[in-house]
Amino acid sequence: MYPTHSSTSQKVQLITTGGTIDSYYDIDACTVFPLAESPIPAYLKKYIRMDDNKLQHTPICCKDSREIDEQDLNSIYQSILTNDSRSHVITHGTFTVFDSARKLKAMLGDSNRHTVVFTGAMWPLEGFSLNDAAFNLGAAIMAAKCSAPGVYVVFFGEIFDVEAMESLHA
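Residues numbered from 1 in each chain as written. Predicted model: local features only at pLDDT ≥ 70, side-chain atom pairs only at ≥ 80, totals over all residues. Heavy atoms only, no water.

**Considerations on the overall build of the chain**
No. 1: Summing up its helical and strand segments, the chain has 4 helices and 8 strands in all.
No. 2: Shown N-terminal to C-terminal, the secondary structure of the chain runs as helices and strands in the order β-β-β-α-β-α-β-α-β-α-β-β.
No. 3: Over its C-alpha atoms, taken along the principal directions, the chain stretches across nearly 50 × 35 × 30 Å.
No. 4: Looking at the 170 residues of the chain, the share that counts as buried comes to 47%.
No. 5: Contacts spanning at least 24 positions in sequence make up 74% of the contacts within the chain whose residues lie at least 6 apart.
No. 6: Approximately 8800 Å² of the chain is accessible, and the part contributed by carbon and sulfur atoms is 52%.
No. 7: Put simply, the chain has 13 plus and 20 minus side-chain charges, and the middle of one group is 9 Å from the middle of the other. (Helix = DSSP H or I, 4+ residues; strand = E, 2+ residues; numbered from the N terminus. Buried < 20%, exposed > 50% of the residue type's maximum accessible area, 1.4 Å probe, protein only. Contact = heavy atoms within 4.5 Å. Areas by Shrake-Rupley, 256 points an atom, 1.4 Å probe, with all protein chains shown as cover. Lys, Arg positive; Asp, Glu negative; His and termini not counted. Charge placed at Lys NZ, Arg CZ, Asp CG, Glu CD.)

Rendered as C-alpha cells:
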C-alpha cells in the first residue's frame, strides 16, 4: 500500500507526450500513428468535468514512445519543476514507459516532493468505443492526487513500481 497525501483538491498537471493513447488507428497500415494534438484535455473536460480549474495541460510532444529522447525528458522535468502543482500525470507510450519513468525519477532525485504518474493505453482514446484509455487516465489522476511523492506507472488499475518492470508487453 502506498502512503497518501492530502492534495485531492489540488490542480493536476497533465503532461502529454503521445503514445497510443494520443494516436489514431490507420486501418490500411494496421497500426496507430500519433495525432498532431492530444484529444485528452477535451475528453476530460467533456466527460469527466475536469476543467481548467482542476487540470492544467502541458503538451510536450506527440511521439511513439520509442522516439522519446533526452530533450523530451528534460522538457518534462523542467515542466514539473516550474509548475505550481505537486500532482502530475504524464501520458506516454507503453513500449518505453518504465524506462522514461526511471530516468525521470533519477532526474528528480531523492528529495523529490512531486507525485508523478505515467500512464497510457493499449488502444487509442478516440476511435474505439471500448478501450483502456479512459480507465487508465482516471486511475492515474486519482493516483497522482492520493499517492505519496514519487514516480509511478499506472495501468490496468494497478500502481507499478518503476523499478519492478521493464515493459507492459511481456
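Structure's up, so let's keep going.
**Observations concerning helix 4 (residues 133-146)**
Note: α-helices contain 3.6 residues per turn, so residues at a spacing of three or four share the same orientation.
No. 1: Over its 14 residues, helix 4 runs 20 Å from end to end, which matches the ideal 20 Å to within 8%, given 1.5 Å per residue.
No. 2: For helix 4, the set of buried residues is A133, N136, L137, A140, I141, A143, A144 and K145.
No. 3: Of the surrounding secondary structure, the elements contacted by the buried residues of helix 4 are strand 1 (12-18), helix 1 (40-47), strand 5 (87-91), strand 6 (115-119), strand 7 (150-155) and strand 8 (158-161). (Expected span 1.5 Å × (residues − 1).)

**Section: the nonpolar core**
As a rule of thumb, nonpolar side chains are buried together in soluble globular proteins.
No. 1: Counting 21 residues, the largest nonpolar core has I80, I90, L104, V116, F118 and V153 as its most contacted members.
No. 2: Put simply, the parts of the chain that give this core at least two residues each are helix 2 (70-82), helix 3 (97-108), strand 6 and strand 7.
No. 3: With 5 residues, the single largest contributor to this core is helix 3.
No. 4: Those residues within four positions of L104 in sequence are excluded, and the remaining contacts are I76, Y77, I80, I90, V116 and F118.
No. 5: In this structure, V12, L14, L44 and Y152 belong to the second largest nonpolar core, which totals 20 residues. (Core = buried A, V, L, I, M, F, W, Y, C linked by side-chain atoms within 4.5 Å.)

**Some remarks on helix 3**
No. 1: Taking 1.5 Å of rise per residue, 12 residues should cover 16 Å, and helix 3 covers 16 Å from first to last C-alpha, within 8% of that figure.
No. 2: Of the positions making up helix 3, those classed as buried are V97, F98, S100, A101, R102, L104 and L108.
No. 3: Looking at the buried side of helix 3, the elements it contacts are helix 2, strand 5, strand 6, strand 7 and strand 8.
No. 4: The positive-phi residue at the C-terminal boundary of helix 3 is G109, with phi of around 80 degrees.

**Overview of the pattern of salt bridges**
No. 1: For the coordinates displayed, the defined rule picks out 6 salt bridges.
No. 2: Across the salt bridge formed by K63 and D69, the nearest N and O atoms sit 3.7 Å from each other.
No. 3: On the basis of relative accessibility, which here comes to 21%, the residue K63 falls in the partly exposed class.
No. 4: Of the charged contacts, one joins E163 and K105 as a salt bridge, the two residues approaching to 3.6 Å between their closest N and O atoms. (Salt bridge = Lys/Arg side-chain N within 4 Å of Asp/Glu carboxyl O.)

**What about the environment of N136?**
No. 1: The residue N136 is located in helix 4 in this model.
No. 2: On the accessibility criterion, N136 (0% relative accessible area) is buried.
No. 3: When the C-alpha positions of N136 and G157 are compared, they lie 6.8 Å apart, and in sequence the two are 21 residues distant.
No. 4: If we skip the residues at most four places from it in the chain, N136 touches T119, G120, A121, V154, F155, F156 and G157.

**What about the packing of aromatic side chains?**
No. 1: Following the criterion strictly, the structure yields 4 aromatic pairs and no others.
No. 2: On the basis of an interplanar angle of 45 degrees and a centroid distance of 4.9 Å, the ring pair of Y43 and Y47 is categorised as tilted. Placement of both Y43 and Y47 in helix 1 is noted, with a separation of 4 residues, approximately one turn of the helix.
No. 3: On the accessibility criterion, Y43 (22% relative accessible area) is partly exposed.
No. 4: A ring pair is formed by F155 and F156, whose centres lie 5.7 Å apart and whose planes are at 50 degrees; its orientation type is tilted.
No. 5: For F156, a relative accessible area of 44% translates into the label partly exposed. (Phe/Tyr/Trp six-rings, centres within 6.5 Å; stacked < 30°, edge-to-face > 60°.)

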